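What the coordinates show
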Amino acid sequence: MLRFTALLFSYVLHPIFIITYMLILLILINPYLFGVNSIGDFEVKKLILLIFMSTVFIPGFAIGIMRATGLVSDTHMNKREERYGPFITTGIFYLATFRYLLYFPVVPVAFKIFVLGSCIGLFVAFFINLWSKISLHAVGMGGLLGMIAITMALFSYDSFIIPLSSYGTLHVSTVILLMVGIILAGIVGTSRLILEAHEPIDLYGGYMVGFVTQFIGLYFLYY
């Protein structure tokens, strides 16, 4: 049961989903940045679908082909030597997505910062992987925490509202969101240890890379 729970968290919080999660969070925090009133707006749904297709579905499909042909043994890529192909493939689509968003005026600079930070984090992890099996799950969760921290510090959002249809609205503090993010990052790290996919040093390095590279993205696009 413990291993099943660890595997479940490893899948749900797989690093390939992180950019999509970042987009959804930013829309929930302030949909007006995207020129809409709520996440239910049709234009926002199209943007979420676009980001999902370019950063999740297509790279995931490519990795699935690599698995089917024996280039990788599983979707978590626990063997360091198997990661190069998925790294390069995912990196290409991340860069293409950022290039598209960079000249797309509807998308706010905040999200462009987070996508750039994710691109930088991915390529830093690629180079570290040449010598050490850094945890990509930790890189993803570190990036998510960096995104939340930047949103709180730079854009000064204390809370946001989540519409619950006929049930009204839910007010969420960004401090609570950060705490939940930290807890989830800890759960993901623990899950990777339970599954014997990484050593603690791989997780610490991953968290640091993911978190710091978000601020590097902020430096390039905001200052």
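Reading the values: the criteria
Residues numbered from 1 in each chain as written. Predicted model: local features only at pLDDT ≥ 70, side-chain atom pairs only at ≥ 80, totals over all residues. Heavy atoms only, no water. Helix = DSSP H or I, 4+ residues; strand = E, 2+ residues; numbered from the N terminus. Buried < 20%, exposed > 50% of the residue type's maximum accessible area, 1.4 Å probe, protein only. Contact = heavy atoms within 4.5 Å. 1 Å grid on protein atoms, 1.4 Å probe; cavity = no way out; pocket = protein on both sides within 12 Å on 5 of 7 lines; lining within 4 Å. Points joined across faces, edges and corners; volume = space filled by probe spheres on them. Nonpolar A, V, L, I, M, F, W, Y, C, P; charged D, E, K, R; others polar. Axes fitted to C-alpha atoms, helices over the stretch in contact; angles between N-to-C directions. Parallel < 35°, antiparallel > 145°, perpendicular 65-115°, else oblique. Left-handed = near helix turned anticlockwise from the far one by under 90°. Core = buried A, V, L, I, M, F, W, Y, C linked by side-chain atoms within 4.5 Å.

Examined against the element boundaries, Ser159 turns out to sit in strand β1 (residues 159-163). A relative accessible area of 41% places Ser159 in the partly exposed class. Apart from the residues lying within four places of it in its own chain, the contact partners of Ser159 are Val172, Ser173 and Thr174.

In this model, Glu196 sits at a positive phi of 60°, which is unusual for a non-glycine residue. Examined against the element boundaries, Glu196 turns out to sit in the loop between α7 (174-194) and α8 (200-222).

This part covers empty space enclosed by the protein. Any empty space left between atoms is shown by rolling a water-sized probe over those atoms. Applying the stated criterion across every chain yields a total of one cavity of 30 Å³ or more. For the largest cavity, the calculated volume is near 320 Å³. Forming the boundary of the largest cavity are 25 residues, of which Pro15, Ile16, Tyr94, Leu122 and Leu136 lie nearest the centre. Of all the secondary structure elements, the ones that give two or more residues to the lining of the largest cavity are α2 (18-29), α4 (84-102), α5 (109-128), α6 (136-155) and α8. Sort the elements by how many residues they give to the lining of the largest cavity and α5 lands first, with five residues. Per-class residue counts for the lining of the largest cavity are 14 nonpolar, 10 polar and one charged.

This paragraph deals with the packing of helix α1 (residues 2-12) against α7. Relative to each other, α1 and α7 sit at 125°, their axes nearing to 9 Å. In terms of their interaxial angle, α1 and α7 are classed as oblique. The two elements α1 and α7 cross, and the hand of that crossing is left-handed. Contacts from Leu2, Arg3, Ala6, Phe9 and Ser10 in α1 reach Leu184, Ile187, Ser191, Arg192 and Ile194 in α7. The residue inventory of the contact of α1 with α7, partitioned by class, reads six nonpolar, two polar and two charged.

What follows deals with the layout of surface pockets. Size it by volume and the largest pocket reaches roughly 230 Å³. Surrounding the largest pocket, Leu13, Tyr21, Ile24, Leu25, Leu144, Ile148, Val172, Ile176, Leu177, Val180, Gly181 and Leu184 form its lining. Residue assignment for the lining of the largest pocket shows that the elements contributing at least two residues are α2, α6 and α7. With five residues, the single largest contributor to the lining of the largest pocket is α7. Of the residues belonging to the lining of the largest pocket, the class tally is 11 nonpolar, one polar and no charged.

This next bit is on the nonpolar core. Residues Leu23, Phe34, Phe111 and Phe114 are the most contacted members of the largest nonpolar core, which totals 48 residues. If you list the elements that add at least two residues to this core, you get α2, α3 (42-68), α4, α5, α6, α7 and α8. Among the elements that make up this core, the one with the highest residue count is α5 (10 residues).

Assignment of secondary structure puts Ser118 in helix α5. Looking at Ser118, the relative accessible area reads 13%, which means it is buried. Setting aside chain neighbours within four positions, we find Ser118 in contact with Ile19, Met22, Tyr94 and Gln214.

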